[in-house]
Amino acid sequence: MTALAFGAASVLTAVLVWRRVPRLRAWPPALGLLVAVFTVVPPHQTIAAGVGVDDLLFLLGLALLVPSAWRHGPLGRVPYGRGLVLGAGLLAAGATVSAFVNADALPDTVDLLFRGPGRLLLYVAMVLVVLAQSPPERTRWVVARALAGVGAFESAFSVVAYFVGLPGGFGLQPAEGNTSLVGEIPGRVTGTLDLSPNFLGALLVLSIPVALGIALDASERRTRLWWSAAVLVQMVALVLTYTRSSLAVTVLAAAALVALRGRLRWLVGGAAVLVGVLVLVPPAFERIAHDRTDRMALYTSGLRVFLHYPLAGVGPGEQAAFTAADPATYRTTTFGVAGNNAHNTVLLAGAENGILGLLGALVLNVVLAAVAVAVIRRARKLSAAGRPAAGEPLGIGVAVLAFLFQGMANNLFTVTLTASALVMLVAGCALPWLAADGPPRQVGAEESPGVEPEPEPELDAESESEPQSELEPQAEPEAR
């Protein structure tokens with residue numbers, strides 16, 4: 001009931017935001033994009049066959065986007081499309097083989113098919129449908145701000161849960177295991193996700209660089225202050241997850257973004273804020289300085305499972321249960337006890353789906369990293385030239401890279417809330433940015449999305465040799 005209530009509230013909020021913001025109301029696909037991004041809000045509670053309320057919300061967003069995608073017609077060239085298809089195809093094939101090999105009965109087969117290839121095909125369908133929305137500037141504008149806004153909401157909710165408290169301790173996970181946090185904190189924040197704090201940390205790894213990029217681009221003081229406040233509350237919540245890998249990756253990502261944008265004052269201010277938060281929350285410093293990590297034990301366990309079952313793995317979503325059934329073989333390692341799954345997107349795919357799954361996950365990670373680097377390089381050219389609005393695309397590229405690095409220390413691809421956030425950022429922001437031809441309109445321009453852009457002037461031979469960047473403003477006509 002809790003998950004259903006949050007799901008209904010998410011849909012209602014998406015509808016209200018869409019109706020009350022003229023820029024969104026003028027463009028119907030914005031509602032579907034908002035619903036799809038809001039997938040991360042409902043708690044991850046399975047209803048049946050591995051399907052939860054978050055999956056249903058994602059399906060609703062997909063359904064709302066299909067009509068406009070259908071009217072758009074066939075897709076054009078998709079940057080890095082072949083690599084993405086290869087990775088997704090290998091991973092889906094491995095998960096399908098694993099489902100049939102490891103299931104004992106038909107219901108088990110159906111359950112594993114839903115968890116493995118079914119979930120992956122849902123993500124592929126969303127990528128295609130989001131890419132088909134037109135024009136891409138509107139898609140990028142909506143998705144980037146919706147994702148940054150969701151991150152800010154989850155963070156504000158988490159701060160309240162930590163310092164004020166909510167009924168039943170909702171929004172917090174008790175500190176467990178051999179950690180300095182036990183007995184020292186009310187709990188590790190999880191937002192509304194009702195999962196490990198690692199997943200909230202992964203969401204913030206995506207949303208913080210995007211929000212920071214928007215803040216860096218803001219021309220109005222009030223807008224810049226709003227988005228700066230959103231970044232600040234997200235950083236506070238990230239510290240309160242006590243997830244070291246997420247914190248380290250996000251700090252490096254934010255520093256890289258500010259350095260690429262050439263804003264030294266922001267870099268110094270951000271460092272001061274981070275140090276201040278760590279000083280005001282002593283358990284966070286103790287966690288970083290003194291707690292041992294169990295990642296080497298988890299990696300060793302996942303590798304053992306893969307080496308013992310290299311062809312078909314042990315089944316989509318089954319590694320944790322499989323290793324728990326034989327702890328002497330799979331959980332006891334020279335690095336300590338491995339109490340969970342591999343916590344690595346590539347190793348986990350291999351352990352659960354065999355060699356095809358491992359190769360597919362590896363290809364996807366490499367191709368997505370190439371997409372992120374290409375976005376950063378294109379945006380960097382604008383930033384180096386002093387062009388406005390280069391921070392947002394830099395934030396998008398940096399966020400994708402940071403998420404992939406975070407995936408080396410956590411399981412992020414097989415849970416809807418984190419995978420859906422990555423899918424929306426890549427399909428709604430990164431790929432359209434690379435696919436844009438000619439001199440598009442500036443991201444965040446204060447024009448209604450319902451207004452059609454004026455025809456662009458033809459490029460001369462010199463400008464055709466290097467296509468004008470996405471955010472480059474049009475040259476003013478010469479006076480006669």
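Shown above is the structure to which this text applies.
Just so you know, these numbers come straight off a predicted model, no measurement behind them. (Residues numbered from 1 in each chain as written. Predicted model: local features only at pLDDT ≥ 70, side-chain atom pairs only at ≥ 80, totals over all residues. Heavy atoms only, no water.)

Draft legend 1. Quick peek at the packing of aromatic side chains. One pass over the full model with this rule turns up nine aromatic pairs. Both rings, one in Phe-58 and one in Tyr-123, keep their centres 6.0 Å apart while their planes meet at 75°; by these two values the pair is edge-to-face. Pair noted here: Phe-58 is in helix H4 (residues 53–72) and Tyr-123 is in helix H6 (residues 106–131), with a separation of 65 residues, a long-range link. With respect to burial, Phe-58 and Tyr-123 carry one shared label: buried. In this structure an aromatic cluster arises from ring pairing among Phe-6, Phe-153, Phe-157 and Phe-170. (Phe/Tyr/Trp six-rings, centres within 6.5 Å; stacked < 30°, edge-to-face > 60°. Helix = DSSP H or I, 4+ residues; strand = E, 2+ residues; numbered from the N terminus. Buried < 20%, exposed > 50% of the residue type's maximum accessible area, 1.4 Å probe, protein only.)

Draft legend 2. Just the side chain of Thr-39, in detail. Locating Thr-39 in the fold gives a position in the loop between helix H3 (29–37) and strand E1 (46–48). Once residues lying within four places of it in the same chain are set aside, the contact partners of Thr-39 are Asp-54, Leu-57, Phe-58, Thr-416 and Ser-420. (Contact = heavy atoms within 4.5 Å.)

Draft legend 3. Looking closely at helix H13 (residues 295–308). Over its 14 residues, H13 runs 20 Å from end to end, which matches the ideal 20 Å to within 8%, given 1.5 Å per residue. If you check which residues of H13 are buried, you get Arg-295, Ala-297, Leu-298, Thr-300, Ser-301, Gly-302, Val-305 and Phe-306. (Expected span 1.5 Å × (residues − 1).)

Draft legend 4. View of the packing of helix H10 (residues 244–261) against helix H17 (residues 391–406). In the contact formed by H10 and H17, the axes pass within 9 Å of each other and the chain directions differ by 155°. Between H10 and H17, the angle is such that the two are roughly antiparallel. Classified by chirality, the crossing of H17 by H10 is right-handed. Every residue of H17 that contacts H10 at Ser-245, Ser-246, Val-249, Ala-253, Leu-257, Leu-260 and Arg-261 is listed here: Gly-391, Leu-394, Gly-395, Val-398, Ala-402, Phe-405 and Gln-406. Residues that form the contact of H10 with H17 fall into these classes: eight nonpolar, five polar and one charged. (Axes fitted to C-alpha atoms, helices over the stretch in contact; angles between N-to-C directions. Parallel < 35°, antiparallel > 145°, perpendicular 65-115°, else oblique. Left-handed = near helix turned anticlockwise from the far one by under 90°. Nonpolar A, V, L, I, M, F, W, Y, C, P; charged D, E, K, R; others polar.)

Draft legend 5. Region of the structure containing the pattern of salt bridges. Counting across every chain of the model gives four salt bridges. Residue Arg-115 is joined to Glu-318 by a salt bridge in which the shortest nitrogen-to-oxygen separation is 2.6 Å. One end of the pair, Arg-115, is in helix H6; the other, Glu-318, is in the loop between H13 and helix H14 (319–325), with 203 residues separating them in the sequence. For Arg-115, a relative accessible area of 28% corresponds to the partly exposed category. Across the pair Arg-145 and Glu-392 runs a salt bridge whose closest N-O atoms are separated by 2.9 Å. In this pair, Arg-145 is assigned in helix H7 (residues 136–163) and Glu-392 in helix H17, connecting sequence segments 247 residues apart. You'll find Arg-145 and Glu-392 in the same group, each marked buried. Look at the salt bridges and you will find they share partners, linking Asp-111, Arg-115 and Glu-318 into a network. (Salt bridge = Lys/Arg side-chain N within 4 Å of Asp/Glu carboxyl O.)

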